[in-house]
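Examination of the molecular architecture
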Amino acid sequence: MFSWDLLANAVVAGILLGGFYAAVSLGVSLTFGLLDVVNIAQPAFVILGAYAAYVMNSSFGLDPILTGLLFTPFFYVLGAVVYRIYYASFERRGDESLRGLVFFFGLLFIIEVSLSLTYGVDYRLVEAAYIGKSIDLGGVGIAFRLLVPCLVGLAMTLALYLFLSRTFYGRAVMGVSQDRVALRLMGANPVRIKTIAFGIGIAAASLSGALLITIAPVVPSTDRDYIGRVFAITVLGGLGSIGGTLAASIILGVAESLMATFFGPSWSLAVSFGILLLALAVRPAGLFGR
Amino acid sequence: MKTGGALVVAVAVIGGGILLAGLRVNPYLYFAGYVVLQYVVIATAWNILGGYAGYVNFGTPAFFALGAYTAIFLIEAFKAPLPVLILAGGLVSALLGLGIGYLTLRLKGVFFSIATLALSVVLQTLIINWDYVGGAKGFTLIRPSAPFFGNWGTLLFTVMVGLAVVAVLVARSIERSWIGRGLAALRDNEEAAECMGVPTLRLKLFATTISGFFLGVAGAPFPYYVTYVEPSSAFNLDYAVNALAMPMIGGTTTWIGPVIGAVLLGTAQQVATVTISSEMNLLVVGVVLVLFVVLAPEGITGLARRLRGR
């Protein structure tokens, strides 16, 4: 069964998948890693983005990734509102961690069930010119439906990295994750900064949802698979490190792709959760922990 | 209520259950009643860890399904009778509980919760790939004729009444003993509790094991109840949400909270399933959960206490 061709194909597909995983994980890296908000509803927002892309694609023939980009302002506002509710109900009272977790778990469930009530539990997909095409590089096939999301994912990662390191607000977000009181002394309002950052995190879900539905058809319960992936990547990447998130995404993508190629796709999901469990049990600070 | 009084009430509830089973009313009522009682067991078991010790377990489906699949394995291998299945299902899940208890050494708070969620998926993948217990295509059970009451619906209903009463009694006695006080101390501040000489690790191991045991017990009769088990039904995320929502709605600090939550929410879900749709009832759970966590974090018992205090 083993062949070098198969191996090379699996590794390339895994790297491409990793670029996409980075896009999905950025939101959690930002909200959970930097802001300490246990946003486990992020995968549900990603699925929401995927359905937005599906609706615009099937009724207006709009390109899914363009839709994802167009919807980011709505998702930003949505994220800002969710954070304000979270802040008012949990953070201000100081019992954020566990009840906040339950809050986001409930939110995940509400989004998922609402989607399946509205659109049913059939697989939904989008159509675009590049889906289905591929190029062949000496026996290694590169499918465009994987390549495009990977490139967009890399661009998103770069954009977020530049935002966090170069802009005033980005540095303020880094500051709020380190020392809230010091930030306040510098004349910035931590709640406002966190609202902006959370909005950006959810806005990223709009675009990554569009990438998700470009890669494969989506059902409302797809978000469950991504909870483990996203948190495995975030923890492995060292909470809040953008470079670490990208590296961890590619590691996970390759590992899953190899597992699916050589042992069958039904095992590939166990890889992410297995890595997550291992990472949590052995090295909670992650590979690139601060 | 003294312990003697509680035992009298417990016996009365079991007696009432048997009487109800003897009445042979509409069979659907037993079918629905079983689910509500199953949730009483699940919510009570979850609350021993989540409510008393403050460790939020998202992996309820893992424990429930482990109980169910232990039962399937024993049916397949030895044609074991129901009491053996329940006990074995509980014990195997208790072992898993002990395992996650040791996990609490490294993982606190949020990380513990995420790890339990991951555990559920890993276990599901293992079961999907294990053909002996049906694998991905599921397991069909052909039930022998029921030994009592003439049919399985009423028999399983009665069994669940008994299990629910036992689970609640155990939770109640834990809550009122030094173990309950120790768990409450570590819920409020684990380091401080440890410094005051509370044996936190032993208490946490105890809580995860007992909680796992009863979650497994709730799952063990499941194959007999549905007669067809597939991984996605046994590992359903609905169990995780319900196990969390019911104690949160009822109130997590007392034994009566999960019971109130399970009876209210469980009954509401059964009514909604029949009258509206099964998806709608899940939406209701989600919305109610979020509303309670935002507006009434202490649940119904907390609200009642506040009203009485005034």
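In this report, the structure presented in the accompanying data block is examined. (Residues numbered from 1 in each chain as written. Chains lettered and ligands numbered in written order. Predicted model: local features only at pLDDT ≥ 70, side-chain atom pairs only at ≥ 80, totals over all residues.)

1. Some words on the overall build of chain B
Convention followed: A helix here means a DSSP run of H or I that spans at least four residues, while a strand means a run of E at least two residues long, and both kinds are numbered starting from the N terminus. Throughout, the radius of gyration refers to the C-alpha atoms, and the reference size of a globule is 2.2 Å times the residue count to the power 0.38. Exposure in this text rests on C-beta crowding, where 20 or more other C-beta atoms within 10 Å of a residue's own make it buried, 12 or fewer make it exposed, and counts in between make it partly exposed. The C-beta atoms are placed from the backbone. Working definition of a contact: two residues with C-beta atoms, positioned from the backbone, lying within 7 Å.
Across its full length, chain B carries 15 helices and two strands. Taken over the C-alpha trace, chain B has a radius of gyration of 19 Å; the compact-globule value for 310 residues is 19 Å, and the two agree within 12%. Its C-alpha atoms put chain B at 55 × 45 × 40 Å along the principal axes. Every one of the 310 residues in chain B was classed for burial, and the buried ones make up 51%. Taking the contacts inside chain B whose residues are at least 6 apart along the sequence as the reference set, 79% of them involve residues at least 24 apart.

2. Focus: the packing of helix H1 (residues 4-34) of chain A against helix H5 (residues 144-166) of chain A
Residues and elements named next belong to chain A. Filter applied, for reference: Axis definition: a line fitted to C-alpha atoms, over the contacting stretch in the case of helices. Angles run 0 to 180 degrees between N-to-C directions. Roughly parallel means an angle under 35 degrees; roughly antiparallel, over 145; roughly perpendicular, 65 to 115; everything else is oblique. Less than a right angle of anticlockwise turn of the near helix away from the far helix marks a crossing as left-handed, whereas a clockwise turn marks it as right-handed. Ten residue types, Ala, Val, Leu, Ile, Met, Phe, Trp, Tyr, Cys and Pro, are classed as nonpolar, four, Asp, Glu, Lys and Arg, as charged, and the remainder, Gly among them, as polar.
Packing of H1 against H5 brings their axes to within 7 Å, and their N-to-C directions diverge by 45 degrees. Considering their axes alone, H1 and H5 lie oblique with respect to each other. By crossing handedness, the relation of H1 to H5 is classed as left-handed. The residues of H5 that touch H1, namely those facing Ala-13, Leu-16, Leu-17, Gly-19, Phe-20, Ala-22, Ala-23 and Leu-26, are Leu-146, Leu-147, Pro-149, Cys-150, Val-152, Gly-153, Leu-154, Met-156, Thr-157 and Leu-160. Partitioned by chemical class, the residues of the contact of H1 with H5 number 15 nonpolar, three polar and no charged.

3. Structural notes on helix H12 (residues 237-250) of chain B
For clarity, the threshold we go by: Take the residue count of a helix, subtract one, and multiply by 1.5 Å to get its expected span.
Here H12 of chain B spans 20 Å end to end across 14 residues, near enough to the 20 Å set by a 1.5 Å rise per residue. Looking one or two residues past H12 of chain B, Gly-251 of chain B carries a phi angle of roughly 125 degrees, positive in sign.

4. Some details on the environment of Thr-227 of chain B
Residues and elements named next belong to chain B. Relative to the helices and strands, Thr-227 resides in the loop between helix H10 (222-226) and strand S2 (228-229). For Thr-227 and Thr-140, which are 87 residues apart along the polypeptide, the C-alpha to C-alpha distance reads 5.8 Å. In contact with Thr-227, not counting residues within four places along its chain, are Thr-140, Leu-141 and Arg-143.

5. A closer look at the interface of chain A and chain B
In this assembly, 32 residues from chain A lie in contact with 35 residues from chain B. Among the secondary structure elements, those contributing two or more residues to the side of chain A that touches chain B are helix H4 (96-119), helix H9 (223-236) and helix H11 (268-282) of chain A. A breakdown of the residues in the side of chain A that touches chain B according to their chemical character gives 22 nonpolar, eight polar and two charged.

6. Topic: the pairing of strand S1 (residues 134-137) of chain A
Here is the key point about a regular strand: its side chains alternate between the two faces of the sheet. All names here are of chain A. Applicable threshold: One requirement defines pairing of two strands: DSSP has to find at least two bridges between them.
When S1 meets strand S2 (residues 140-143), the two strands line up antiparallel, connected through four bridges. Paired with Ile-135 across the two strands is Ile-142, which belongs to S2. Where S1 folds back onto S2 in an antiparallel hairpin, the turn is made up of two residues, including Gly-138, whose phi is positive at roughly 55 degrees.

Distances and angles like these do not, on their own, reveal function.
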